[in-house]
Amino acid sequence: MRVLGIETSCDETGVALYDSEQGLLGHALFSQVDLHADYGGVVPELASRDHVRKLLPLVRRVMQQTGTRPGDLDGVAYTAGPGLIGALMVGACAGRALAYGWNLPAVAVHHMEGHLLAPMLEENPPGFPFVALLVSGGHTQLVDVCGLGEYRLLGESLDDAAGEAFDKAAKMLDLDYPGGPRLAALAEKGDPRRFTFPRPMTDRPGLDFSFSGLKTYTLNTVRDHVLEDGLPDPQTCADIAAAFQEAVVDTLVIKCRRAIRATGRKTLVVAGGVSANRLLRERLEARLAQEGAGVYYPRHEFCTDNGAMIAYAGCLRLKGGQRENLDITVRPRWPLTELAES
Ligand code: ATP
Ligand code: MG
Ligand code: FE
């Protein structure tokens, strides 16, 4: 079974071809980072327009590079939510129309299910059941995953997502958008012991998160050390970045360990943009090994948004019999737990 996957939920146009026998055949990504950089964040209308420009050329490229003709396909999968409505509409309209024109089934994919399954594209993939930590720009969730579509929410952020907190802290340190990876790079040069930032909500039971207090703490620390140019000296910036990263990672690790203990699962899957974070991976591996649990994540480029995870999730959903009718429906807000296996 061969599926074309289309991702346009935010600021990345992603296209991929997944084959259930041969694995990932090809993928292409266009990131709109430069387009939004001047604005310090994603401008929804610009995102939609750029998806319109980039999507079909990317589809053509992936089809050509893999020598695939429409007749070789078994379905077209597209992200139907959650995400920016205009951006989602571009991928959904194109995906639905391509499927119609090629006389193929169309499959609407949940973006976070895509993230959650992305580690299964790797060699030595994790098997069900597992606990998933979804840490992205819009989500921080711990999910107990029994199988495809069988998701039980264990905990989530009550305010900012981890990636969002990374991006906002980065802005305070005058790092360009998208700040998360830049803050992580700066943290490598910092001394994580100079400042100790709070580990929100770790001193009470439960698996929910909150990152807005940590954000305020970071802002206050920056303000306490500003020089005339409006920023702390470079070493202090790096030390703040290190303390911030340390606090976020520590908080995530504590909750993951708790979730593994509470569920008795032996596998943790980490996905979404923040799963690219080196310190998070190191710490999770070390701490969960002590619990006898293994940690799995996607390859670096599939931590953030991509078409491969949508093609893969679409393929599993298609195998399960899912088919869309001719309506084009997107859901900017769409809880993962509302996904029933079809
Ligand atoms: P969602 O998937 O929730 O809809 P999104 O698609 O915007 O949100 P992703 O593309 O999965 O999110 O991830 C982007 C986020 O990951 C950004 O907030 C970015 O700062 C963060 N991120 C990427 N790399 C790193 C890193 N190395 N360390 C920390 N954060 C990172
Ligand atoms: Mg993005
Ligand atoms: Fe995402």
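Note that the coordinates shown come from a computational prediction; the quantities given were computed from them, not determined experimentally.

This next bit is on the nonpolar core. Core analysis: the biggest nonpolar cluster contains 57 residues, and L4, L116, Y151 and L336 have the highest contact counts within it. Looking at this core element by element, the count peaks at 8 residues for helix α10 (residues 308-319). Not counting chain neighbours up to four residues away, the residues in contact with Y151 comprise E113, L116, V143, D144, V145, L336, T337 and L339. Within the second largest apolar cluster, 47 residues are counted, among which are A243, V270, L280 and V295.

In this section: the domain arrangement of the protein chain. What the domain assignment reports for the protein chain is domain 1 (2-118 + 302-338) and domain 2 (128-297). For domain 1 versus domain 2, the distance between C-alpha centres works out to 27 Å. Listed per partner, the contact involves 19 residues of domain 1 and 23 residues of domain 2. Of the roughly 1,600 Å² buried at the junction of domain 1 and domain 2 (both faces included), carbon and sulfur atoms supply 74%. Of all residues in domain 1, M112, L116 and C303 bury the most surface against domain 2, accounting for 36% of the area lost on that side. The interface formed by domain 1 and domain 2 holds 0 salt bridges in total. Between the two partners, domain 1 and domain 2, sit 4 residue pairs in polar contact (both at pLDDT 80 or more). Of all elements in the fold, only α1 (33-37), α4 (111-117) and α10 reach the threshold of two or more residues within the side of domain 1 that touches domain 2. Of the residues forming the side of domain 1 that touches domain 2, the biggest block, 5 residues, is contributed by α4.

Calculation notes
- Residues numbered from 1 in each chain as written.
- Chains lettered and ligands numbered in written order.
- Predicted model: local features only at pLDDT ≥ 70, side-chain atom pairs only at ≥ 80, totals over all residues.
- Heavy atoms only, no water.
- Core = buried A, V, L, I, M, F, W, Y, C linked by side-chain atoms within 4.5 Å.
- Buried < 20%, exposed > 50% of the residue type's maximum accessible area, 1.4 Å probe, protein only.
- Helix = DSSP H or I, 4+ residues; strand = E, 2+ residues; numbered from the N terminus.
- Contact = heavy atoms within 4.5 Å.
- Domains from an automatic or database assignment.
- Buried area = accessible area lost by both parts, 1.4 Å probe.
- Salt bridge = Lys/Arg side-chain N within 4 Å of Asp/Glu carboxyl O.
- Polar contact = N/O pair within 3.5 Å; in protein donor to acceptor, adjacent residues only side chain to side chain.

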